[in-house]
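Residue-level structural notes
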Amino acid sequence: MANFRPGIEGNRFIDYAPDDEMTHVYNQQQIEDLKQVVGRELVAAAGKPSQQLNFIDAVQRLGVIYDVEKEIEAE
């Protein structure tokens, strides 16, 4: 068997444990809160078309456009 040197990350990935249920619920709540913030920002930019297009472009680049499609279509 080969005798490789230990990696610089040590055993960090071997010791990984998934989040507990409480942390998962907290993270999900944070995600929902951030979705609402993005939706409010989009609605706030409604009177300024260039700002709204820049905002939509930024959201698309982040890959979360599907979360605010309803707000975009309403505008």
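One can find the structure itself at the top, above this paragraph.
Throughout what follows, the structure given in this document is the object of discussion. Quick caveat: nothing in here was measured; it's all calculated off a predicted structure.

**As for the overall build of the protein**
Secondary structure assignment for the protein yields three helices and zero strands. Secondary structure elements of the protein occur, N-terminal to C-terminal, as α-α-α. Split into buried and exposed, the 75 residues of the protein put 11% on the buried side. When the accessible area of the protein is evaluated, it comes to approximately 6,800 Å², of which 55% is carbon and sulfur surface.

**Overview of the pattern of salt bridges**
Once their charged atoms are close, side chains differing in charge can pair, the charge on each being opposite to the other. Counted according to the given criterion, the structure contains two salt bridges. The partner of glutamate 32 in a salt bridge is lysine 35, with the nearest N and O atoms 3.4 Å apart. Of this pair, glutamate 32 and lysine 35 both sit in helix α1 (residues 21-44), separated by three residues, roughly a single helical turn. As a salt-bridge pair, aspartate 57 and arginine 61 come within 3.0 Å of each other at their nearest N and O atoms. Here aspartate 57 and its partner arginine 61 are both found in helix α2 (residues 49-62), four residues apart, which amounts to about one turn of the helix. Judged by its relative accessible area of 33%, aspartate 57 is partly exposed.

Calculation notes
Residues numbered from 1 in each chain as written. Predicted model: local features only at pLDDT ≥ 70, side-chain atom pairs only at ≥ 80, totals over all residues. Heavy atoms only, no water. Helix = DSSP H or I, 4+ residues; strand = E, 2+ residues; numbered from the N terminus. Buried < 20%, exposed > 50% of the residue type's maximum accessible area, 1.4 Å probe, protein only. Areas by Shrake-Rupley, 256 points an atom, 1.4 Å probe, with all protein chains shown as cover. Salt bridge = Lys/Arg side-chain N within 4 Å of Asp/Glu carboxyl O.

Keep in mind these numbers describe shape, not what the thing actually does.
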